[in-house]
Amino acid sequence: MKRFRDIQGNDAVVSALRQMVDGGKIPHAMLLHENDGGGAFPIVLAFLQYLYCRNRTAGDACGDCPSCNRIAKLIHPDVHFVFPVAGSDKPVSSQFLPAFRELALQQPYFYENELFGSLGLDGKQVLISVNEARSLLDKLSLSAVEGGYRSVVMYLPEKMNQAAANSLLKMVEEPPENTLFLLITHEPEKVLSTIRSRCLLMRILPLSRTAEAAVHPSGTADETLYLDLFADLMEALLSRDLLTALETGEALAGLESREKQKSFCKFAVETVRGIFLQQQGLGELSALSDEERAFVVRMAGRVRPTFARGAMHHFDRAMLLLGRNVNQKILFTDLVNRLYMIV
Ligand SMILES: [Zn+2]
């Protein structure tokens, strides 16, 4: 059950959403920007539950009426979920809905890689296609089953291609009455500007470390592993020990899935960004764990001032290539060599 009272932090966002419903002034389209796994999805569910609830009390949904129940189980007929998928027969997300529901009910704070893993799309190049857009337009051409709002929850609109965006644009620009678009993005700058400019942008703040550990116990374990690997790599690079650095590269190529390898790269980008900010004297490191912060501060004093920019570029590139099914061992060997040149 996800109600406003269950949401961790983000009080300002929650109160803004509540006021929209109370005041009857709900924007047609909202773009919620979260960090991966950051909890925009439960906030969207709490908002929808409040919006559709037939028995709101004390600024929250009742959690008990048929609408609340259907939304909490992700089976409300007027709430449509759209997310990127892949497959040779150009599938649409409704074909993956059972797996989506299973994950989102069990772990509403899901990470991108958990979702694609659950959908059986690990390592595939996923997208929101024009087929998806058409299927959605078909659904929205019918009136709301229950006579109220129709809502579209779209996860990762940055993975929408141009054709899909073109076909959805009119709907997002001038939605039919009582139609809402709730878009959850990790990279707002990659959402096509034609779509983004029509949306009210809301920033979902990252969870505190305690809340994070509560909702992602295993994610915290992954981050500990990633930090260990990254620290090994940096130590080897800084000691000019290419052989050990390449061994760490092999360990990375041996991580159990491409999604984990991508997660490692993402973790490395964020850590390197921390090093950069620290070197610039802009250190806002409060989102990091104590171990990460100590590591970042230590590294900032040891790597060249030009390292961070180059390293972020190389890790970004590695993430991109991992999405294209290149050989992982070659990729990580190449990455280590490139980092060795700039450290
Ligand atoms: Zn209710």
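Numbering of residues starts from 1 in each chain and follows the order in which that chain's sequence is written. A pLDDT threshold of at least 70 governs which residues receive local features in this predicted model, and a stricter bar of 80 or more applies before side-chain atom pairs are shown or counted, although totals over entire chains, interfaces and linings include all residues. Heavy atoms from the whole structure form the basis of all side-chain values; hydrogens and water molecules are not counted.

**Student:** Explain the coordination of the zinc ion here, please?
**Tutor:** Each angle at a metal carrying four tetrahedral donors should ideally be 109.5 degrees, and each at a metal carrying six octahedral donors should ideally be 90 or 180 degrees. A donor here means any N, O or S atom no more than 2.8 Å from the metal (3.2 Å for Na, K and Ca); water is not included, so a site may seem to lack partners. Here the zinc ion is held by the protein donor atoms Cys 53 (SG), Cys 62 (SG), Cys 65 (SG) and Cys 68 (SG), which lie 2.3 Å from it. Sequence positions of the residues that donate to the zinc ion give the spacing C-x8-C-x2-C-x2-C. Of this pair, Cys 53 sits in the loop between helix H2 (40–52) and helix H3 (66–72) while Cys 65 sits in the loop between H2 and H3, and the two are twelve residues apart along the sequence. The burial state of Cys 53 is the same as that of Cys 65; both residues are buried. Each helix is a run of H or I in the DSSP string that is no shorter than four residues. Each strand is a run of E no shorter than two, and both are numbered from the N terminus. The classification of residues rests on relative accessible area computed with a 1.4 Å probe and restricted to protein chains. Under 20% of the type maximum is buried, over 50% is exposed, and intermediate values are partly exposed.

**Student:** Where do I start with the packing of aromatic side chains in this structure?
**Tutor:** The geometry of an aromatic ring pair is captured by two quantities: the separation of the ring centres and the angle between the planes. Only rings of Phe, Tyr and Trp enter the pairing, Trp through its six-membered ring, and a pair is recorded when the two centres are within 6.5 Å. The plane angle decides the type: under 30 degrees is stacked, over 60 is edge-to-face, the rest tilted. For the coordinates displayed, the defined rule picks out 14 aromatic pairs. Taken together, a centroid distance of 5.8 Å and an interplanar angle of 65° make the contact between Phe 230 and Phe 295 edge-to-face. Of this pair, Phe 230 sits in helix H10 (residues 217–238) while Phe 295 sits in helix H13 (residues 290–300), placing them 65 residues apart in sequence. One aromatic cluster is present, formed by Phe 41, Phe 81, Phe 83, Phe 100, Phe 110 and Tyr 155 through successive ring pairs. Placement of a charge over a ring requires the Lys NZ or Arg CZ to be within 6 Å of the ring centre, with the centre-to-atom vector within 35 degrees of the ring normal. Just above the ring of Tyr 50 sits the side chain of Arg 56; from NZ or CZ to the centre is 5.1 Å. The cationic tip of Arg 240 hangs over the ring face of Tyr 340; the distance from NZ or CZ to the ring centre is 3.9 Å.

**Student:** Even after reading the chapter, I still don't get the nonpolar core, so can you show me in this structure?
**Tutor:** In plain words, nonpolar cores are sets of buried Ala, Val, Leu, Ile, Met, Phe, Trp, Tyr and Cys residues tied together by side-chain atoms within 4.5 Å. Counting 47 residues, the largest nonpolar core has Phe 41, Phe 47, Leu 48, Phe 81, Phe 83 and Phe 100 as the members making the most contacts within it. Among the secondary structure elements, those contributing two or more residues to this core are helix H1 (11–23), strand E1 (29–33), H2, strand E2 (79–82), helix H4 (97–106), helix H5 (112–118), strand E3 (150–155) and strand E4 (179–185). Filtering out sequence-adjacent residues up to four positions away, Phe 81 remains in contact with Phe 41, Leu 45, Leu 74, Ser 93, Leu 97, Phe 100 and Val 153. The contact rule is simple, with two residues in contact once any of their heavy atoms fall within 4.5 Å.

**Student:** Can you walk me through the domain arrangement of the chain in this structure?
**Tutor:** In terms of domain boundaries, the chain breaks down into domain 1 (4–210) and domain 2 (216–342). With centres defined by C-alpha atoms, the gap from domain 1 to domain 2 works out at 32 Å. Contact residues are listed per partner, giving eleven residues for domain 1 and 14 residues for domain 2. Once two parts are joined, some of their accessible surface, as seen by a 1.4 Å probe, is lost; buried area is that loss totalled over both. Taken together, both faces of the contact between domain 1 and domain 2 bury some 1,100 Å²; the carbon and sulfur share is 41%. In protein, a polar contact requires one atom able to donate a hydrogen and another able to accept it; more generally it is a pair of N or O atoms within 3.5 Å, and residues adjacent in sequence count only if both atoms are side-chain atoms. Inspection of the domain 1/domain 2 interface yields five residue pairs in polar contact (both at pLDDT 80 or more). Three residue categories are used. Nonpolar comprises Ala, Val, Leu, Ile, Met, Phe, Trp, Tyr, Cys and Pro, charged comprises Asp, Glu, Lys and Arg, and polar comprises the others, including Gly. Partitioned by chemical class, the residues of the side of domain 1 that touches domain 2 number two nonpolar, five polar and four charged. Domain ranges listed in this record stem from an automatic or a database domain assignment.

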